[in-house]
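Topology and contacts: notes
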Amino acid sequence: MFISSIVARNTQKYSRTRWAAIGAAVTVTIGGGGLAFVDAGGGGAASVFVPISPCRLLDTRPAPSTVGPRSTPIGPGDTLTVQVTGVNGDCTIPATATAIIINTTTVGPTAGSFVTLFPADVAKPNASNLNTTAGQNPTPNLVTVTLSTTGAIKIFNLAGNVDIIGDIAGYFEPAGASGTGPAGPAGATGPAGATGPAGATGATGPAGPAGATGATGATGPVGPAGPVPGNGDACNIDGLAGTIITGFDVDHNASIKCFTSRMTTIAGDGTDGFLDGNGLDVKFGFPSGVAVDHTGIIYIADFDNNRIRRMTPDGTVTTLAGSGVEGFADGTGLAAQFNRPQNLAVDNVGNVYVADTSNNRIRKITSAGVVTTIGGGATAGFADGLAATSLFSAPRGVAVDTVGNVYVGDTANHRIRMITPGGTVSTVAGIATAGFLDGPVATAQFSAPRGIAIDAAGNIYVGDSANNRVRKITPTGVVSTLAGGATAGSTDGPGATARFNTPSGLAIDDFGNIYVADTLNRRIRKVTPAGVVSSLAGNGSTGSADGVGTNARMNNPFGVAVDNSGTVWVADTNNSRIRKIS
């Protein structure tokens, strides 16, 4: 049975952030005695979101595509100022607008770069909205950006040349600024005009004159602005109490959902085996890791089958790579071989990184299914340096940042390691001896670290499994304990009072909340950025049952992931199922 510098950066520091915003209304019942408006203007004023038919604000491609102030790509280190309010491009945005939601598409980037949209009257921030790779396909991303006091934004490109297309989907304005709200009832239809007299009988006479057109009914009054639900507010769906989660759907549109902690089974019949297919007809062999890409596709480390599987959100499962034979071989698709893969991660362009545990290697799979080795060798050991000569020992955790650095929970070496895109392996934190010690990375100690997650600021979070803690490594090289204590347990609560029992997989959402596969507690836990721990699903009992919160049952879950809309995906390992919490 299956059971038991810190972040490499460019010269200027950038990290990709997802700026969540609220889109159109959703069919949920809002509770809790009224909701606050969304603050989208940066000044603390209550705002409302006004959706519009998408209009093109700018397109920097040459004529006839050009829209807006520029017809050439944005060059390296270049900043483009774009006026938003008023009539610009194909858009008419009122002067009362304080922020916009703009679907931004990068076209033909000549280099890997960061693209930042920000108000025109502030200094350029050290955070980006978009990152690109040379030659990538046009990629739309929904971005919320505050306007300057004159109604303008700036667009900065770090490297290479890139064309930008921007389509506005809506804007924010102060509540009551223009009486924004649902349209009033249509005015009554005016009476029909009188019919003209018929022509005389016999020879066809001339047609009578047309009746006069009835007067147009008066326009109904504009309704008052309605409240917009905000992240964390109370809601109710299908009779279940929940909280509002804001984010993005798979098409990069702003989304809002009522999160009720309901666990459902999406794929797997509950028996150990191998079968591609759909839903509950699928068979897995103790799946131990999950990751989800920006399009909503879920990737699964199928431990006992020595394969990497791919699943659509509706539960259709195929095999991405792996022959099923335990071994080691690079190659394409089914020609490749793995040996007990336990965890994986996916980058922004669809490459999947695998902790190939019993091969003591880190593998990479392209979107076309081509498998290569990016670190580790035939024997277990410890060696930094070039990827080809580096050594790992039973790695069980992996994550990737926005610039392509791969982080590894090198479990049996009790260290956190990093592999650069250029193929150099180094130690981020930890020493050879298992133990527990916070402090500088050079002296900090871990004990069998597994899951890894990285936030937008470059902080690294570690599931320190044998220490029963969740640890944090800052970009300045300091290790601390976010939550958990010396003894195993299942207590919810703040920081050091909370308890875990073999925390394994980790994932992080756009708001900095960390999700933990608390394996031997048979629970999925949530840790806020302040370290407050709560239980999302499971109550410690072994079983396989869908349900809400503590009514759900799992059997030693090892993997967890969270998608852009806030749905949590779980590798329920000893049940051989993939579950979701929504």
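Just so we're clear, the structure is a prediction, and the values are computed from it rather than from any experiment.

Here's the deal with the pairing of strand 23 (residues 352-356)
- The buried count for strand 23 comes to five of five residues, which makes it a mostly enclosed element.
- Going residue by residue along strand 23, you find Val352, Val354 and Asp356 tucked away on one face and Tyr353 and Ala355 tucked away on the opposite face as well.
- Pairing between strand 22 (residues 341-346) and strand 23: five bridges, direction antiparallel. Paired with Leu344 across the two strands is Val354, which belongs to strand 23.
- Two successive antiparallel strands, strand 22 and strand 23, enclose a turn made up of five residues, where Gly350 displays a positive phi of approximately 95°.
- Of the strand pairs in this sheet, strand 23 and strand 24 (residues 361-365) are connected by five bridges, and their pairing is antiparallel. For Val354, the partnering residue across the bridge sits in strand 24 and is Arg363.
- Here strand 23 folds back onto strand 24, and the loop between the two strands holds four residues, one of which, Asn360, carries a positive phi near 55°.

Notes on the pattern of salt bridges
- Scanning the model with the defined rule gives 19 salt bridges in all.
- Here Arg309 makes a salt bridge to Asp302, at a shortest N to O gap of 2.6 Å.
- With a relative accessible area of 0%, Arg309 lands in the buried category.
- Between Asp464 and Arg471 there is a salt bridge, with its nearest N and O atoms 2.6 Å apart. For the pair formed by Asp464 and Arg471, the shared burial category is buried.
- Taken together, the salt bridges that share partners define one network made up of Arg56, Asp59, Arg61 and Asp167.

Comments concerning the nonpolar core
- Formed by 25 residues in total, the largest nonpolar core has its most connected members in Leu57, Leu58, Val84, Ile100, Ile102, Ile155 and Ile168.
- Those elements giving two or more residues to this core turn out to be strand 2 (47-59), strand 3 (78-83), strand 5 (91-93), strand 6 (99-107), strand 7 (113-119), strand 9 (139-146), strand 10 (152-157) and strand 11 (163-174).
- If you tally residues by element for this core, the top one is strand 2, at four residues.
- Apart from residues lying up to four places away in sequence, Val84 is in contact with Leu57, Ile93, Ile100, Leu147, Gly151, Ala152, Ile153 and Ile168.

Regarding the state of the cysteines
- Under the defined criterion, the tally for this structure stands at one disulfide.
- Covalent S-S linkage joins Cys55 and Cys91, the inter-sulfur distance amounting to 2.1 Å. One quick way to see it: the torsion about the S-S bond of Cys55 and Cys91 is about 115°, and its sign makes the bridge right-handed. Residue Cys55 is located in strand 2, and its partner Cys91 is located in strand 5; the two are separated by 36 residues in the primary sequence.
- On the basis of relative accessible area, Cys55 is assigned to the buried category, the value being 10%.
- Residue classification places Cys91 among the buried residues on the basis of a relative accessible area of 0%.

Calculation notes
Sequence order as written defines residue numbering, which begins from 1 separately in each chain. Where totals are concerned, whole chains, interfaces and linings use all residues; where local detail is concerned, this predicted model gives features only for residues with pLDDT of at least 70, and gives and counts side-chain atom pairs only at 80 or more. Side-chain numbers come from the whole structure's heavy atoms, not from hydrogens or water. Using a 1.4 Å probe on the protein chains alone, a residue whose accessible area is under 20% of its type maximum counts as buried, one over 50% counts as exposed, and one in between counts as partly exposed. In this description a helix means any DSSP run of H or I spanning at least four residues, a strand means any run of E spanning at least two, and both kinds are numbered starting from the N terminus. Strand pairing is defined by DSSP finding a minimum of two bridges between the two strands. Any carboxyl oxygen of Asp or Glu within 4 Å of a side-chain nitrogen of Lys or Arg constitutes a salt bridge here. Nonpolar core, defined: a set of buried Ala, Val, Leu, Ile, Met, Phe, Trp, Tyr and Cys residues in which side-chain atoms within 4.5 Å join the residues together. It only takes one pair of heavy atoms within 4.5 Å for two residues to be counted as in contact. Our working definition of a disulfide is a cysteine sulfur pair at a distance within 2.5 Å.

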